[in-house]
Amino acid sequence: MSEPPFTDAAGTAAGIDLPIAFRGFQELHGQAYFDYAFTVLGDQKLAQELVDDVFLALADRWDRVLTDPNPHAFAWAALRRTVEAEQARDEEHRLLVERIAFAVVAYREEAKQLIDDIDAVTTDLEVGVSVATAVLELSGAKFDAVVLRYLNRFSVERTALAMGIDERTVRSLTSQAKARLRARLSPRRLLHPGPAKPDQE
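The following paragraphs examine the structure supplied in this document. What you are looking at is a predicted structure, and each value in this text was computed from that prediction instead of being measured.

Cut-offs and rules
- All residue numbers refer to positions counted from 1 along the written sequence of the respective chain.
- Confidence filtering applies because this is a predicted model: local features only for residues at pLDDT of at least 70, side-chain atom pairs given and counted only at 80 or more, and all residues used for totals across whole chains, interfaces and linings.
- Hydrogens and water are ignored here; the side-chain numbers use all heavy atoms of the structure.
- Strands are runs of DSSP state E lasting at least two residues, helices are runs of H or I lasting at least four, and both sets are numbered from the N terminus onward.
- Categorising residues by exposure relies on relative accessible area from a 1.4 Å probe, with only protein chains included: less than 20% of the type maximum marks a residue as buried, more than 50% marks it as exposed, and the intermediate range marks it as partly exposed.
- In what follows, a contact means two residues having at least one pair of non-hydrogen atoms within 4.5 Å.
- Each accessible area is a Shrake-Rupley result for a 1.4 Å probe, and residues are judged covered by the shown protein chains and nothing else.
- A pair of aromatic rings is counted whenever rings of Phe, Tyr or Trp (Trp by its six-membered ring) have centres within 6.5 Å, and the orientation is called stacked for planes under 30 degrees apart, edge-to-face for over 60 and tilted otherwise.
- Whenever a carboxyl oxygen of Asp or Glu lies within 4 Å of a side-chain nitrogen of Lys or Arg, that contact is scored as a salt bridge.

## Regarding the overall build of the chain
Phase 1 of the analysis: From N to C terminus, the chain includes 11 helices and 0 strands.
Phase 2 of the analysis: Along its sequence from the N terminus, the chain presents helices and strands in the succession α-α-α-α-α-α-α-α-α-α-α.
Phase 3 of the analysis: The buried share of the chain, taken over its 201 residues, is 42%.
Phase 4 of the analysis: For the chain, restricting intrachain contacts to residue pairs at least 6 apart in sequence, the fraction spanning at least 24 positions comes to 71%.
Phase 5 of the analysis: A total accessible area of about 11,700 Å² is found for the chain, and carbon and sulfur atoms account for 52% of it.

## Let's talk about the side chain of Glu86
Phase 1 of the analysis: When you line up the elements, Glu86 lands in helix 5 (residues 71-87).
Phase 2 of the analysis: On the accessibility criterion, Glu86 (18% relative accessible area) is buried.
Phase 3 of the analysis: If sequence neighbours within four positions are ignored, Glu86 has contacts with Leu41, Leu46 and Leu50.

## A word on the packing of aromatic side chains
Phase 1 of the analysis: Applying the stated criterion across every chain, the model contains 7 aromatic pairs.
Phase 2 of the analysis: Residues Phe22 and Phe55 carry aromatic rings whose centres are separated by 6.2 Å and whose planes lie at 80° to one another, so their mutual orientation is edge-to-face. Within this pair, whereas Phe22 is found in helix 2 (residues 20-41), its partner Phe55 is found in helix 3 (residues 44-60), the two being separated by 33 residues in sequence. In this structure, Phe22 and Phe55 share a single accessibility class: buried.
Phase 3 of the analysis: Ring plane angle 65° and centroid distance 5.4 Å describe the contact between Phe25 and Trp62, whose orientation is recorded as edge-to-face.

## Some thoughts on the pattern of salt bridges
Phase 1 of the analysis: One pass over the full model with this rule turns up 5 salt bridges.
Phase 2 of the analysis: Between Arg80 and Asp144 there is a salt bridge, and its shortest N-O distance comes to 2.7 Å. Residue Arg80 is found in helix 5, and its partner Asp144 is found in helix 9 (residues 140-151); the two are separated by 64 residues along the sequence.
Phase 3 of the analysis: With a relative accessible area of 15%, Arg80 lands in the buried category.
Phase 4 of the analysis: Arg171 serves as the salt-bridge partner of Glu167, at 3.7 Å between the closest nitrogen and oxygen. Here Arg171 and Glu167 lie together in helix 11 (residues 167-185), a separation of 4 residues that amounts to about one turn.
Phase 5 of the analysis: Note on Glu167: relative accessible area 32%, which makes it partly exposed.
Phase 6 of the analysis: By relative accessible area, which is 48% here, Arg171 ends up partly exposed.
Phase 7 of the analysis: Counted as one network, the salt bridges with shared partners bring together Arg80, Glu84 and Asp144.

In structure tokens:
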């Protein structure tokens, strides 16, 4: 998907003198955080504001971030909580379903690997809506991995870096997610009783 670039609106507007290490951290993750927030929320301005808020919060407790065993995972969790809080305002997630469905249909070539892996064999529109609904049912980390890998088209390496996890875990999460999607979207098999056996004397 062609998404607008992340800009450091909060830091520059506030004129905050931030540590060089923090600036490097922000430069490393800023675009990935924005891509994720924009994909999930579908609003460029809102995504930018939320990511700015996250980085300002991280800057405010930068010493705490650095003492965490995994600063990257700590920061990702902060982003996810912020996005989830905003997302919760739309309980039905109608717009999210529409956005993911559109992404799957409009960018079918990019999403082809996911669609093929889950053996989706319906029309383009049906695939989009079905996949969107199923993706929403994934748990936190699996949802994040699918959004980054298949909708933002991140590599395994970049996804791992953004989420603060190793590449093996990313592969495991996407594998588990695809298995759940496949199970969710595969036609249900109906069990038919065999022929009735005659009563035995």
